[in-house]
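What follows is each chain in one-letter form.
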Amino acid sequence: MGAVLQIESMKYDENSWKQFHTKSLQEKIPLFSREGQIFDLIYASQLTPEFCSRLFELADRIRKIAKSKEGMDELGRVLSDKRGILFFQQPSTRTFLSFQNACHILGMKTSEIRDPSTSSEVKGESWEDTIRTFSSYVDLIILRHREEAYAERAAFHLNATKRPIPVINGGSGKDEHPTQALLDLYTIQRAFKYRNGIVGKRVGFVGDLKRGRTVRSLTQLLSLYPQVKFVFIAPEAFQMRKDILELLDARKVEYEIADDLNVQIPKVDVLYMTRIQDEYDAQGESKLVETEKFHFRREHLPVFPQTSILMHPLPRRYEIDPIIDLDPRAVYWKQERNGMWIRAALILQLFQRENFVSA
Ligand code: NCD
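Treat the numbers as computed from the prediction; the structure is a model and nothing was measured.

> Tell me about the sheet that holds strand β9 (residues 255-258), residues and numbers included.
The strand order across the open sheet formed by five strands is β9-β8-β7-β10-β11, and the pairing between neighbours is parallel. Two strands close off the open sheet at either side, each with one partner strand: β9 and β11 (309-311). Direction aside, neighbouring strands of the sheet carry axes that sit 15 degrees apart on average. Direction of pairing for strand β8 (residues 229-233) relative to β9: parallel, over a ladder of four bridges. Looking across to β9, one finds that F230 is bridged to Y255. Packing of helix α11 (residues 242-250) onto the sheet brings it into contact with β8 and β9, and relative to β9 it is tilted by some 150 degrees.

> Tell me about the site of the ligand, residues and numbers included.
The ligand sits among T95, R144, H177, Q180, R213, T214, R275, Q277, P313, L314 and P315. Within the side chain of H177, one N or O atom sits 2.9 Å away from an oxygen atom of the ligand. Between the ligand and R275, the relevant distance is 2.8 Å, taken from an oxygen atom to a side-chain nitrogen or oxygen of the residue. Split into classes, the residues belonging to the shell around the ligand amount to three nonpolar, five polar and three charged.

> I'd like a rundown of the environment of E121, residues and numbers included.
In this structure, E121 sits in the loop between β4 (109-113) and α7 (127-137). The sequence separation of E121 and T48 amounts to 73 residues, and the corresponding C-alpha distance is 36 Å. Discounting residues that sit within four places of it in the chain, E121 has contacts with F87, W127, T130 and Y150.

> Pulling in residues and values, what's your account of the nonpolar core?
Formed by 68 residues in total, the largest nonpolar core has its most connected members in I62, F205, L222, F230 and I347. Y43, W127, Y150 and V167 belong to the second largest nonpolar core, which has 26 residues in total.

> Could you give an account of the packing of aromatic side chains, naming the residues involved and the relevant values?
Each aromatic ring pair is specified by the distance between its two centres and by the angle formed by the two planes. A complete count under the given rule lists 15 aromatic pairs for this structure. Through pairs of rings, three or more aromatic residues link up here, namely W17, F20, F32, Y43 and F156. For the cation-ring pair, R114 lies above F96, with the distance from its terminal atom to the ring centre recorded as 3.8 Å. The lysine or arginine in question, R353, covers the ring of F356, its NZ or CZ lying 5.1 Å from the ring centre.

> Give a description of the pattern of salt bridges that names residues and reports values.
Applying the stated criterion to the full structure yields 20 salt bridges. Two residues, R353 and D81, come together in a salt bridge whose shortest N-O distance is 3.0 Å. Remark: D81 occurs in the loop between α5 (69-78) and β3 (83-88) and R353 occurs in the segment after α13 (332-350); sequence separation between them is 272 residues. The class of D81 is partly exposed, set by a relative accessible area of 43%. A salt bridge links R163 to D139, with the nearest nitrogen and oxygen atoms 3.8 Å apart. Of this pair, R163 sits in the loop between α8 (150-159) and β6 (167-172) while D139 is found in the loop between α7 and β5 (140-145), placing the two residues 24 residues apart along the sequence. One salt-bridge network, in which partners are shared between bridges, spans E14, E147 and R153.

> Any details on the environment of L245? Residues and values, ideally.
Summarising the element assignment, L245 is placed in helix α11. On the basis of relative accessibility, which here comes to 14%, the residue L245 falls in the buried class. Placed 68 residues apart in sequence, L245 and P313 show a C-alpha to C-alpha distance of 21 Å. In this structure, L245 is in contact with F232, M240, Y255 and I257, ignoring residues within four places of it in sequence.

Conventions adopted
Residues numbered from 1 in each chain as written. Predicted model: local features only at pLDDT ≥ 70, side-chain atom pairs only at ≥ 80, totals over all residues. Heavy atoms only, no water. Pairing = 2+ DSSP bridges. Helix = DSSP H or I, 4+ residues; strand = E, 2+ residues; numbered from the N terminus. Axes fitted to C-alpha atoms, helices over the stretch in contact; angles between N-to-C directions. Contact = heavy atoms within 4.5 Å. Near = heavy atom within 4 Å. Polar contact = N/O pair within 3.5 Å; in protein donor to acceptor, adjacent residues only side chain to side chain. Nonpolar A, V, L, I, M, F, W, Y, C, P; charged D, E, K, R; others polar. Core = buried A, V, L, I, M, F, W, Y, C linked by side-chain atoms within 4.5 Å. Buried < 20%, exposed > 50% of the residue type's maximum accessible area, 1.4 Å probe, protein only. Phe/Tyr/Trp six-rings, centres within 6.5 Å; stacked < 30°, edge-to-face > 60°. Lys NZ or Arg CZ within 6 Å of the ring centre and 35° of its normal. Salt bridge = Lys/Arg side-chain N within 4 Å of Asp/Glu carboxyl O.

Next comes the structure, spelled out in structure tokens:
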């Protein structure tokens, strides 16, 4: 009888998942932690400034060691006993490659499934069985999916099996992209290293803030830093959603809703551009919104403060004229590369091998 009960309580079912999903983040986060440490990284709200500063130091250490062949050889042994899978069900260049290369820097072997038609889901396998199958072969799953709750659901499911392995959310629909928030924050911290770091910065987000998961995750994370202020610059149809604004209200964080980029450019320390996420359109509604006035153009450079930085999670379309790449305030190519170092640091931290990397 006891054994039956135990099996029952281990079992994942749709109802227990639904119940879990409607809980508050505070209630959900403990399931994704072990002994106070992050086990699965699903939401930006699992991140704290203390965790981030440890990660930044680790990323700095890794990139320094990686400069020499001896250093790369040393790094390549740190996770040589581990394997990971990248399961990417939405297009990706940077997140995929930076995660894959982060794994390779640490000596981890990787497998990948990017094209759903090559996975057994097309033979009618349930998504639960597909995820569980990964855990039979590898030690880490990195996931990207169009469905908002997929990563959470996968981690919830695996945590109810006998072989739970860590899940990292590499982008969940229109909702969250916590590792992008990490690399963005790392980029801001490096840019303002000698100017009080992240504290007190005025951050402007531009573009599709409604469906852009990067800005949603980054806003949550930045709001944990003292005196950070936000300005959300977007056409009304793409303004930041209520849930994030309510979170800022609850944390008593200052923010402004704006729709004139020209007015805001001289006033921000960080300007974070994004593209229109029209892959989520139901019937081409993005085309009806006037977005040109939310592009950063060459004429803006003289009014953009000399000490400010221009960011973009990439890929870009027309939001930033490529000629602007030559300006030292344009940091998006550095931002992109920072993704590889911070993801290497994150993976190391999840496996608790940070001490294997010499200071
Ligand atoms: C972003 C994403 O996938 O959300 N890209 C990325 O991961 N660097 C932004 C985007 O696609 O616009």
